[in-house]
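Geometric and topological summary
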Amino acid sequence: MTKIRTDYEFSGVPKGTTGTVIDVARDDMGNIKEYAIQWDLPRPKPLVDWFTPDEFVDYLEVI
């Protein structure tokens, strides 16, 4: 699984928070159209956000 870190703060996720790509959604051609990120936050229920490929590149860093 791919580990990432956010370069921005948003939706209750502080800048610098790490997470893991836990799933991807693909189109009919097999191209990734969304990434599911589960954040490493101290919560009783995991927080998962979905990112388009453009958002993934613009807001996240693979670590």
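For the structure itself, consult the block above.
Presented here is a report on the structure given in the accompanying data block. (Residues numbered from 1 in each chain as written. Predicted model: local features only at pLDDT ≥ 70, side-chain atom pairs only at ≥ 80, totals over all residues. Heavy atoms only, no water.)

All right, on to the pattern of salt bridges then. One pass over the full model with this rule turns up two salt bridges. Note that Lys-3 and Asp-40 form a salt bridge whose closest N and O atoms lie 2.7 Å from each other. Separated by 37 residues along the polypeptide, Lys-3 in strand β1 (residues 3–6) and Asp-40 in the loop between β3 (32–39) and β4 (48–51) bring together distant segments of the chain. On the basis of relative accessibility, which here comes to 30%, the residue Lys-3 falls in the partly exposed class. The class for Asp-40 is partly exposed, based on a relative accessible area of 39%. (Salt bridge = Lys/Arg side-chain N within 4 Å of Asp/Glu carboxyl O. Helix = DSSP H or I, 4+ residues; strand = E, 2+ residues; numbered from the N terminus. Buried < 20%, exposed > 50% of the residue type's maximum accessible area, 1.4 Å probe, protein only.)

Moving on, we come to the sheet that holds β1. Taking strand neighbours across the sheet as the criterion, the five strands line up as β4-β3-β2-β1-β5 in an open arrangement whose pairing is antiparallel. Both edges of this open sheet fall to β4 and β5 (60–62), since each of them pairs with a single strand only. In this sheet, adjacent strand axes meet at a mean angle of 40 degrees when their direction is disregarded. As paired strands, β1 and β5 are joined by three bridges and run antiparallel to one another. The partner of Thr-6 across the bridge, within β5, is Leu-60. (Pairing = 2+ DSSP bridges. Axes fitted to C-alpha atoms, helices over the stretch in contact; angles between N-to-C directions.)

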